[in-house]
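Topology and contacts: notes
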Amino acid sequence: KQEVTQIPAALSVPEGENLVLNCSFTDSAIYNLQWFRQDPGKGLTSLLLIQSSQREQTSGRLNASLDKSSGRSTLYIAASQPGDSATYLCAAPKAAGNKLTFGGGTRVLVKP
Amino acid sequence: EAEVAQSPRYKITEKSQAVAFWCDPISGHATLYWYRQILGQGPELLVQFQDESVVDDSQLPKDRFSAERLKGVDSTLKIQPAELGDSAMYLCASSLAATEAFFGQGTRLTVV
């Protein structure tokens, strides 16, 4: 059974600092890995999707890496802003069309 | 921009009452998911549809929960009777042919 872990559960940084968010998974047989952002009381917004054959994916200030052999993905957010404050979740399906198995999320606070 | 629509956004109900949630996926998305998210945790799958067929309902408490997607488009999730432990965010998501999953804004259920 796939287990996804995100450590730390919460993170507080000053504005301008780079953010590094970690995601670990126990079963390397994943189809892809998706990073989401969730604001309090809201739904999930897709940030980046990395296919299992890719090593990284970039969008603006966001960069996500994937190392299947070690069961890890990392989301980097450059030059953090107070608007980046949210919970970030990673999730991976085992095969095409399968359910997403989520980590517990990392709650990020960027202080002005 | 196309989005997943959910209603209602918030629902307060008394225990033992019936409650229903509605989801309209992005047009053309054959796969529809219902997830439940308890505060502070990652979402967990309740049921997955491929068109009008259920492909995974292994975590759906079938004694009180039911879900349908009669015409393979919109979907309804019902709870009867509601219990205090059902208080959570109910999230609907859709995807096109096992690609990126897109989530709605969710329904926040409070059972009193």
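Quick notes on the rules
Residues numbered from 1 in each chain as written. Chains lettered and ligands numbered in written order. Predicted model: local features only at pLDDT ≥ 70, side-chain atom pairs only at ≥ 80, totals over all residues. Heavy atoms only, no water. Helix = DSSP H or I, 4+ residues; strand = E, 2+ residues; numbered from the N terminus. Rg over C-alpha atoms; globule rule 2.2 N^0.38 Å. Contact = heavy atoms within 4.5 Å. Areas by Shrake-Rupley, 256 points an atom, 1.4 Å probe, with all protein chains shown as cover. Lys, Arg positive; Asp, Glu negative; His and termini not counted. Charge placed at Lys NZ, Arg CZ, Asp CG, Glu CD. Buried area = accessible area lost by both parts, 1.4 Å probe. Salt bridge = Lys/Arg side-chain N within 4 Å of Asp/Glu carboxyl O. Polar contact = N/O pair within 3.5 Å; in protein donor to acceptor, adjacent residues only side chain to side chain. Pairing = 2+ DSSP bridges. Axes fitted to C-alpha atoms, helices over the stretch in contact; angles between N-to-C directions. Buried < 20%, exposed > 50% of the residue type's maximum accessible area, 1.4 Å probe, protein only.

Remarks on the overall build of chain A
On a plain count of helices and strands, chain A comes out with zero helices and 11 strands. From first element to last, N terminus to C terminus, chain A shows the α and β order β-β-β-β-β-β-β-β-β-β-β. Computed over its C-alpha atoms, the radius of gyration of chain A comes to 13 Å, within 12% of the 13 Å expected for a compact globule of 112 residues. Nonlocal contacts in chain A, meaning residues at least 24 apart in sequence, comprise 53% of its contacts between residues at least 6 apart. Summed over all atoms, the accessible surface of chain A reaches about 5300 Å², with 48% contributed by carbon and sulfur. Averaged over its 11 positive side-chain charges, chain A has a centre that lies 6 Å from the centre of its 8 negative ones.

Examining the interface of chain B and chain A
With 20 residues of chain B at the contact, the number on the chain A side is 20 residues. Carbon and sulfur atoms make up 53% of the area that chain B and chain A hide from each other, which totals about 1500 Å². Viewed at the interface, chain A and chain B are joined by zero salt bridges. Summed over the shared surface of chain B and chain A, the number is six residue pairs in polar contact (both at pLDDT 80 or more). Only strand 4 (31-37), strand 5 (44-50), strand 9 (88-95) and strand 10 (101-103) of chain B provide two or more residues apiece to the side of chain B that touches chain A.

Quick look at the side chain of B:Asp86
Relative to the helices and strands, B:Asp86 is located in the loop between strand 8 (75-79) and strand 9. Discounting residues that sit within four places of it in the chain, B:Asp86 has contacts with B:Arg36, B:Arg64, B:Phe65, B:Ile79, B:Pro81, B:Leu109 and B:Val111.

Section: the sheet that holds strand 7 (residues 65-68) of chain B
Residue and element names in this part refer to chain B. Reading across the sheet, the four strands line up as 1-3-8-7 and stay open at both edges, with antiparallel pairing between neighbours. The open sheet is flanked by strand 1 (5-7) and strand 7, the only strands paired with a single partner. Adjacent strand axes in the sheet meet at a mean angle of 15 degrees, parallel and antiparallel pairs treated alike. Sheet topology places strand 7 next to strand 8; four bridges connect them, and they run antiparallel.

Overview of unusual backbone geometry
Between A:Ile7 and A:Pro8 the backbone carries a cis peptide bond, its omega angle lying at 5 degrees. When you line up the elements, A:Pro8 lands in the loop between strand 1 (4-5) and strand 2 (10-14). A cis amide bond links B:Gln80 to the next residue, B:Pro81, at an omega of 0 degrees. One can find B:Pro81 in the loop between strand 8 and strand 9. In the Ramachandran plot, A:Ala79 falls in the positive-phi region, its phi being about 45 degrees despite a non-glycine side chain. A residue is classified by how much of its surface remains accessible, and A:Ala79, at 38% relative accessible area, is partly exposed. Within the chain, B:Ser16 stands out as a residue other than glycine whose phi angle is a positive 80 degrees.

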